[in-house]
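These are the residues of each chain, in order.
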2 protein chains.
Amino acid sequence: MSNNYCVIMGGGIGSRFWPFSRQSKPKQFLDLLGVGKSLLQMTYDRFRKIIPKENIFIATNQLYIEEILKQLPELSESQILVEPTRRNTAPCVAYSTYRIHTIDPEANIVVAPSDHIILQEDIFLENIHAALNFVRENEALATLGIKPTRPETGYGYIQSDVEEIGNFKKVKTFTEKPDLELAKVFFAADEFYWNSGIFIWNVRTIMKAFHEHMPEVSARFDTGIELFNTPQESEFIASIFPYCPNISIDYGIMEKADNVYMLPAQFGWSDLGTWGALHELAVKDDNNNTTLKKNALYYESEGNIVAVPEGKLCVIQGLKDYIVAESGNALLICRRSDEQSIKQFVMDANLNFGEEFN
Amino acid sequence: MSNNYCVIMGGGIGSRFWPFSRQSKPKQFLDLLGVGKSLLQMTYDRFRKIIPKENIFIATNQLYIEEILKQLPELSESQILVEPTRRNTAPCVAYSTYRIHTIDPEANIVVAPSDHIILQEDIFLENIHAALNFVRENEALATLGIKPTRPETGYGYIQSDVEEIGNFKKVKTFTEKPDLELAKVFFAADEFYWNSGIFIWNVRTIMKAFHEHMPEVSARFDTGIELFNTPQESEFIASIFPYCPNISIDYGIMEKADNVYMLPAQFGWSDLGTWGALHELAVKDDNNNTTLKKNALYYESEGNIVAVPEGKLCVIQGLKDYIVAESGNALLICRRSDEQSIKQFVMDANLNFGEEFN
């Protein structure tokens, strides 16, 4: 039996891709690249190659249980870890830690987002394999650091230390998303890597880290430790989850722990967090237009991203560097350079016209 | 019993409003202004005030019979004059002439397009009433000439002569759509009027005009004159219609006849032939944006026309003077100044992606 486990975090909202991504069906459930599989399905299939299917868990909001079972029919419902309220990643990781600890106290776990793109899967899986071995042999919290290819301001960075164990570099600091000046400094320096948000650890190591760095969380989970993997689990989770702090695992543990190690990696990674990131990855025509999922006729147009439902025809004339996204009851047209405003647009839409446009 | 009749021509395709207007449902069947009635329904209701409902006929393509009966349920199917093939207005007028002549050889007929906008209905109806009286008393072909309010290049013009009968001016020439220079000359001169495409005549006068100016058409219709208003009529029409020349009544008769008179009129008329014409008539926000049939949020945007289906939300940012039109399986975004290219776009779409986008 394998001691390797995987937790895919699939509860995000992804409002930056509105209206293509909706609260009722966020981007991880969409085939944003038009390859015939959703981002979640691609993530699952990727891990499925090295981790037994019964050892894969999806952490998510209860809104998405049905969609997940539809997209991943070989999962049983018990493999979905339901978060009763949105509490960022730290409580979600705690939940998965306690559940898996009950099943297998020797478990080595990879925790990964559900909505990232990985182009070179073989290299990625080699890295994951190496990291699982590393955390089995070392009482360390591991992560994958992506070698930057540009001074990106949309990602957090990890600074590595000189100390190493094999290929794994000790982590000195995690940084927030930098401004462009700082991003250029990071890019020029050797020791900075993009924070992939992919973590690997042994279940005992992360359990210990919770007790050390987030005792207010582990104390709550400890009160019902005997209930995990029993019919009482979900009721217990519902009773403690709302009282957990709303913070990320990066902030709650990784930035504080002194046993964090990073494997430098390079496998064509994108968090696909913005339309711009999608444009970079997608196929483009001679005028740098990207057309997702449908037919388009472009006239005097360049640098656009067009995403509308399958079967729809777009005729675009005289547009340069715009996002055109249509889905369900909404149509968005905005400059690519202003895509950070999309969240605001969605809030305004919600305020003015109701939640059905979320 | 009234001798007054009306023929509404409702067989046009209206591709300049694509994709809002489709071959399967052209603009006359749409509520383009968002008033709760289609252009056809408004046209019918207008004439219904002065002409008995059984004296109103709709000439159309067989594709639209069902839609017309749905929109005008008080019509009987026999009031729809079905054109088996598209042959412009001259054969259509001939058909209506022969049918109505059989019903009432004293008939006075107004022939009008189904897709025009008339803002001052009372003045319009007074004009129609005057014209019906005029053609009963005079062997003349009458039309309404619209007093120009700008040097429009999108309309044909009528030049009036000095000769008059009452308020009706004899027509000297019909002109094609002018270029801007010529349109300015027409606008400055007193004797030029817009060609409204609305015609009024006694059935004997127009019948005589067909025999004189389009004998190749009347000869065909004469061969089955006893079949009009009988169960054999449609079979007969199907047998002769395809052999009729594909020309307009303006070109076939009005430009040639020497008994054409025009009533100068001014009742807030638009042929609603372009998005620009629609923009002019529609309600606009402070930034000159027109939003038809739905909700929109505009950011840094002005002078746009946005037409998408009811219930849809549009978020538009950073657009100036564009047309955004979405309907069914197509979305169009193009500069307002390039709207004359829409016909070309539709042809390209048809060629590249199939007729379902017509």
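Residues numbered from 1 in each chain as written. Chains lettered and ligands numbered in written order. Predicted model: local features only at pLDDT ≥ 70, side-chain atom pairs only at ≥ 80, totals over all residues. Heavy atoms only, no water.

Scanning chain A for helices and strands turns up 11 helices and 17 strands. Relative to the compact-globule value of 21 Å for 358 residues, chain A shows a C-alpha radius of gyration of 21 Å, a close match. Once the C-alpha set of chain A is aligned to its principal axes, its extents read approximately 60 × 45 × 35 Å. In chain A, which comprises 358 residues, the proportion classed as buried is 56%. For chain A, contacts bridging at least 24 residues in sequence account for 65% of all contacts bridging at least 6. A total of about 14,700 Å² of accessible surface is found on chain A, and carbon and sulfur atoms cover 48% of it. (Helix = DSSP H or I, 4+ residues; strand = E, 2+ residues; numbered from the N terminus. Rg over C-alpha atoms; globule rule 2.2 N^0.38 Å. Buried < 20%, exposed > 50% of the residue type's maximum accessible area, 1.4 Å probe, protein only. Contact = heavy atoms within 4.5 Å. Areas by Shrake-Rupley, 256 points an atom, 1.4 Å probe, with all protein chains shown as cover.)

The final tally for this structure, using the stated rule, is 38 salt bridges over all chains. When the shortest N-O distance is used, the salt bridge between Lys312(A) and Glu326(B) registers 2.5 Å. Linking Lys312(A) in the loop between strand 14 (305-307) and strand 15 (313-317) with Glu326(B) in strand 16 (residues 322-327), this pair reaches from one chain into another. By relative accessible area, Glu326(B) is classed as buried at 2%. For Asp321(A), the salt bridge identified is with Lys320(A), shortest N-O distance 3.2 Å. (Salt bridge = Lys/Arg side-chain N within 4 Å of Asp/Glu carboxyl O.)

End to end, helix 4 (residues 121-137) of chain B covers 24 Å across 17 residues, agreeing with the expected 24 Å (1.5 Å per residue, within 8%). If you check which residues of helix 4 of chain B are buried, you get Phe124(B), Leu125(B), Asn127(B), Ile128(B), Ala131(B), Leu132(B), Phe134(B) and Val135(B). (Expected span 1.5 Å × (residues − 1).)

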